[in-house]
Structures are given as structure tokens and as C-alpha cells.
Amino acid sequence: MSAKIILKKAREKSLLRRHPWVFSNGIEQVEGQPQQGETVEVYAKDGRWLGRGAYSPKSQIRVRIWTFEQTETVDQAMFERRIARAQAGREHVIEQGGLTGYRLIAGESDGLPGITVDRFENVLVCQLLSAGAEYQREAFINALRSQFPELTIYERSDVDVRKKEGLEPTQGLLHGELPAQPMTFMENGLKLLVDVVSGHKTGAYIDQRDNRAIAASYVKGKRVLNCFSYTGGFGTYALRAGAAEVINADVSAPALALAQQTAEINQLDLSKLSNVEADVFKLLRQYRDSGEQFDVIVLDPPKFADNKAQLVGACRGYKDINMVAMQCIKPGGVLLTYSCSGLMDAPLFQKIVADAALDAGRDGQIVQKLTQAADHPIGCAYPEGFYLKGLVVRVW
Ligand code: SAH
């Protein structure tokens, strides 16, 4: 018999809307002694069955719902159905972009809370981030294997969020053979490099794919500064699109080495490319103070806020780099600026960029609003799935 979670009065509303999280403060009673990650039945105070999910005793998010269908059991077959649906929903993007690198599973938005899977060529890189995902490890990995028997499976659960769930970080090969790293994958006709073992997260930031193509539409004949370049995604697209000069800037030397190699394997004009290892906060100030000006600047910083307490500091950080970047843009040039902090919503980000323009003493016009690529969907019941926001700002 599974343990029962009974919610406080009126706390069933979000579950009735199929939001998959039960917070600890919404729970009235736990009947039974569920183990970490074990499947529990969630009931409203009035006795209505609401969902079946994974119990996470150490997390504020105490239950993550696997299914809202009472007849559906949580087993390998359920995971196979979820994976098959996720793949089917991405076929059009894969085909249109000629993609061999894409997000196969986007957690809650694909009905698989706490699970991320990216595919690069014949390698599936997975992250099991919640107690429930960890508990279901065998069923889930077997489901992946049955859906994609020919693919290698590599785990990159070496992330701090696992600690919130009472889990240790872990990483390693789960199935098959891993090709030599870094390896290439295709995106919109470009060969991009990814190191799934030592790269950030699963290895590459494929959520920016569409935004790289959009950025490329602004760069022909222009001088481009790609800040927080990582392995040079935006810079590679810009070179192909005929930029006069591209500077990738990042603190990570290994990432910049891959950026250089990426330009080489795509036979792009290396004389137009430089890779600068630097702290972008300092570098932008140096450029401003020495009067360096650019036509196009891309600002794609890492997540500045992991929790609400960090949001105020994050706002300051975003405003600061956006302000200095605008001061480095020639009148009529373009800033492509992003925030991947889910806690910062789009209106707040827009306000920060507006404040940055004011403080920079520049007039800005938002000419495009951007978001994450289509293989990173946002579940209608799970608005938290929207995390990547971008603005194209013409700066006068
Ligand atoms: N634009 C990239 C993804 C950027 S991820 C792409 O399209 O693939 C954020 C990057 O910021 C990481 O590569 C990280 O190394 C870098 N970074 C973090 N803090 C930095 C800092 N202060 N200065 C420069 N780079 C930084």
C-alpha cells in the first residue's frame, strides 16, 4: 500500500490545474512512512484523489506528480510513453533545423519532473535531479534504452540542486560506449562542439539555438562582441553570417578553445575571430573606458539567481552589465540581452534593461522579444518552464 498525502483545505487547487508540485506547507497529514523518492498517493482534504507522485522528504517541493490519471501506474511503460511523446513533439524542430543536438526531455514540461535529457548525435545525456527521478532511475533508464536501443546514455547529475533533494551529485556512463570528447553535433547547418563529460550542465546550451540564428540576422559587415560566449555559439553563427569581426569573451579557457576549434571545423574566416579570456564585468568597463565601440553586443550571462533571496543582487548584476554594454554600442547598434534566471520574469527583465538604458544615457528600442527554443517547451500547467528571456534592443 502506497503512503497517502492529505492536503490542507483548499490546497488542492494547483493540482486540479495539473501543476505538478506539492509544497510541504500545503500538506496536512502523511499516512504511512514513504521513503525518499517513493511513489505516494495525493488526496484533497475532502478525500478526492488528486495525483500520484514522488515523495521528497528533504525538499520544500515535497511531492512531484508523475501522473494525474488514477489508472496509470508509475513504471517503465509510463516512462516509455512520456519519452515517446517528447520525441514525437520535437520531430518538426529536429527536421527543420537539421538537428542532431536537441533537448529530448524538459522535466515537468514533458510530464517528467526532475528529469532532463539532451541528445547529441548518438549520446543521450541525462540529469536525474529529484528524489523521485533518482528512485525511478532503473525504470527510467530502461525506458530510455527501450526507446533508443542504439544510443549511449551518459549521466550528468553532478549538480548542486540534488542536494536540496538529499542526493549526492553523480556523473558517469550508464550504457553503451562514449565517443571521444569533444564531439560534434549539427545545428542549422553548423557543426558545433560539445564535451558531455566536462562541459557545463549537459555540455551545450542548445536553448539558445533560435536566438543565435536571430542574432546572426543583425551582424553582416558588423563588429560583434559575444559576451559570456561559452563555446562560441553566437560567435560561430555571426561569423557564418558575414560579421566583419567577432570577439568571444568568457572566463572559461577550455570553452574558448572549443569556440576556436568550432570556427576551424566550419571553415570560417579565423582572421575575423578572437577569443578573449576575461571577466566580462571588467572587460566591458575596459572597452567603455578606452572608447571601444561595437555594432552588436550579445550578453548571455549565467543564471544570477538560484532563489528569491538572490533576486535583488541578480537585478543589480543584470542592470550593471546591460548599462555598460549599451555604453559600448555605436549609435544605432544592437544589444541582444538574455536572462536565464527563471525567477526573473519577463516584465522585470524588461524593466531592468530600461533602467540600464536610462543610466547609460542612451535611448533604447526593443525590436524583438525572444525566448527559449521549441525543444524546451513550457507546459501550460507549469509556467515555471519559461526561464529564458531575451530582448533585441536598438541603442541610440
Ligand atoms: N552564450 C553561450 C552560453 C553562455 S553560459 C552559448 O550560446 O552557448 C554562461 C557563460 O558565462 C559560461 O560559459 C561561463 O563560463 C561564463 N561566465 C560566467 N561568469 C563570467 C564572467 N564573470 N565573465 C565572463 N564569463 C563568465
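For the structure itself, look to the data block above.
Residues numbered from 1 in each chain as written. Predicted model: local features only at pLDDT ≥ 70, side-chain atom pairs only at ≥ 80, totals over all residues. Heavy atoms only, no water.

Trainee: Can you explain the site of the ligand? Please cite residues and give values.
Mentor: Near the ligand, the surroundings consist of 16 residues, among which Arg212, Phe228, Asp250, Val280 and Asp300 are the closest. Phe228 is positioned with one of its backbone polar atoms (N or O) 3.0 Å from a nitrogen atom of the ligand. Separating an oxygen atom of the ligand from a side-chain N or O atom of Asp250 is a distance of 2.7 Å. (Near = heavy atom within 4 Å. Polar contact = N/O pair within 3.5 Å; in protein donor to acceptor, adjacent residues only side chain to side chain.)

Trainee: Before we move on, can you summarise the layout of surface pockets with the specific residues and values?
Mentor: Approximately 410 Å³ is the volume attributed to the second largest pocket. Lining the second largest pocket are 21 residues; nearest its centre among them are Arg18, Phe68, Arg82, Arg85 and Gly111. Sorting the residues of the lining of the second largest pocket by element identifies strand S6 (61-67) and helix H2 (76-97) as the ones contributing at least two each. (1 Å grid on protein atoms, 1.4 Å probe; cavity = no way out; pocket = protein on both sides within 12 Å on 5 of 7 lines; lining within 4 Å. Points joined across faces, edges and corners; volume = space filled by probe spheres on them. Helix = DSSP H or I, 4+ residues; strand = E, 2+ residues; numbered from the N terminus.)

Trainee: Which residues make up the packing of aromatic side chains, and what values do they have?
Mentor: Under the definition given, this model contains 12 aromatic pairs. Here Phe79 and Phe140 contribute two aromatic rings whose centre-to-centre distance is 5.7 Å and whose plane-to-plane angle is 80 degrees, an arrangement assigned as edge-to-face. Of this pair, Phe79 sits in helix H2 while Phe140 is found in helix H4 (residues 137-147), placing the two residues 61 residues apart along the sequence. Judged by centre distance (6.5 Å) and plane angle (80 degrees), the rings of Phe228 and Phe281 are edge-to-face. Here the residue Phe228 occupies a position in the loop between strand S14 (223-227) and helix H7 (233-240), and Phe281 occupies one in helix H9 (residues 280-289), the gap between them amounting to 53 residues. Since its relative accessible area comes to 15%, Phe228 is described here as buried. A relative accessible area of 28% places Phe281 in the partly exposed class. Each residue in the set Phe228, Phe281, Phe304, Tyr318 and Phe349 is aromatic and connected to the rest through ring pairs, giving one cluster. The ring of Tyr43 has Lys4 sitting right over it, with the charged end atom 4.9 Å from the ring centre. For the cation-ring pair, Lys389 lies above Phe386, with the distance from its terminal atom to the ring centre recorded as 5.8 Å. (Phe/Tyr/Trp six-rings, centres within 6.5 Å; stacked < 30°, edge-to-face > 60°. Buried < 20%, exposed > 50% of the residue type's maximum accessible area, 1.4 Å probe, protein only. Lys NZ or Arg CZ within 6 Å of the ring centre and 35° of its normal.)

Trainee: Any details on the sheet that holds strand S7 (residues 101-106)? Residues and values, ideally.
Mentor: Consider a sheet: its strands pair through backbone hydrogen bonds, and that pairing is either parallel or antiparallel. Read from one edge of the open sheet, five strands run S7-S8-S9-S10-S11, paired in mixed fashion. Two strands in the sheet have a free side with no partner beyond their single neighbour: S7 and strand S11 (170-175). Across the sheet, the mean angle from the axis of one strand to that of its neighbour is 20 degrees, orientation sign disregarded. Note: strand S8 (residues 115-120) against strand S9 (residues 123-128), six bridges, orientation antiparallel. Across the sheet, Ile115 pairs through a bridge with Leu128, a residue of S9. Taken strand by strand, H2 contacts S7 and S8, and its axis lies near 145 degrees from that of S7. (Pairing = 2+ DSSP bridges. Axes fitted to C-alpha atoms, helices over the stretch in contact; angles between N-to-C directions. Contact = heavy atoms within 4.5 Å.)

Trainee: How would you summarise H4 if you had to cite specific residues and measurements?
Mentor: Taken residue by residue, H4 has Ala139, Phe140, Ile141, Ala143 and Leu144 as its buried positions. On the buried face of H4, the contacting elements are H2, S7, S8, S9, strand S10 (152-157) and S11.

Trainee: Tell me about the pattern of salt bridges, and name the residues and values.
Mentor: Applying the stated rule across the entire model yields 28 salt bridges. Glu245 is the salt-bridge partner of Arg223, the closest N and O atoms lying 2.7 Å from each other. Of this pair, Arg223 sits in strand S14 while Glu245 sits in strand S15 (residues 245-250); the two residues are 22 residues apart in sequence, bridging distant segments of the chain. With a closest N to O distance of 2.6 Å, Arg285 and Asp320 form a salt bridge. In this pair, Arg285 is assigned in helix H9 and Asp320 in helix H10 (residues 311-327), connecting sequence segments 35 residues apart. On the basis of relative accessibility, which here comes to 29%, the residue Arg285 falls in the partly exposed class. One network of salt bridges, in which partners are shared, links Glu134, Arg137, Glu155 and Arg162. (Salt bridge = Lys/Arg side-chain N within 4 Å of Asp/Glu carboxyl O.)

Trainee: Pulling in residues and values, what's your account of the packing of H2 against H4?
Mentor: Each packed pair of helices is defined by two parameters, the angle between the axes and the distance between the axes. At a closest axis distance of 8 Å, the pairing of H2 and H4 adopts a crossing angle of 50 degrees. Of the possible angle classes, the one that applies to H2 and H4 is oblique. Taken as a pair, H2 and H4 cross one another with a handedness that is right-handed. Only Ala139, Phe140, Asn142, Ala143, Leu144, Ser146 and Gln147 of H4 make contact with H2, whose side of the interface consists of Gln76, Phe79, Glu80, Ile83 and Ala84. Its residues assigned to classes, the contact of H2 with H4 shows seven nonpolar, four polar and one charged. (Parallel < 35°, antiparallel > 145°, perpendicular 65-115°, else oblique. Left-handed = near helix turned anticlockwise from the far one by under 90°. Nonpolar A, V, L, I, M, F, W, Y, C, P; charged D, E, K, R; others polar.)

Trainee: Explain empty space enclosed by the protein to me, using residue names and the numbers behind them.
Mentor: Applying the stated rule across the entire model yields one cavity of 30 Å³ or more. Considering the residues around the largest cavity, the lining is formed by Arg212, Ala215, Ala216, Val219, Val224, Phe234, Ala238 and Val298. Elements that contribute at least two residues to the lining of the largest cavity include exactly helix H6 (209-216) and H7. For the lining of the largest cavity, the per-class residue count stands at seven nonpolar, no polar and one charged.

Trainee: Please set out the nonpolar core residue by residue, giving values where relevant.
Mentor: With 36 residues, the main nonpolar core has Leu225, Cys227, Leu284, Ile297, Leu299, Met326 and Leu335 as its most contacted residues. Those elements that provide at least two residues to this core are S14, S15, H9, strand S17 (294-299), H10, strand S18 (329-339), helix H11 (346-360) and strand S20 (389-395). The biggest single contributor to this core is H10, with nine residues. Among residues more than four places away in sequence, those in contact with Ile297 are Leu225, Cys227, Ala325, Cys328, Ile329, Val334, Leu335 and Leu336. Counting 28 residues, the second-largest nonpolar core is a separate cluster that includes Val74, Ile105, Leu128 and Ile153. (Core = buried A, V, L, I, M, F, W, Y, C linked by side-chain atoms within 4.5 Å.)

Trainee: Which residues make up the pairing of S10, and what values go with them?
Mentor: Across the six residues that make up S10, a large majority, six, are buried. Residue alternation in S10 divides its side chains into two sets, Thr152, Tyr154 and Arg156 and Ile153, Glu155 and Ser157, and both sets are buried. With four bridges connecting them, S9 and S10 associate as parallel partners. If you follow Val125 over to S10, its bridge partner there is Tyr154. The sheet contact formed by S10 and S11 spans five bridges and is antiparallel. Paired with Ile153 across the two strands is His175, which belongs to S11.

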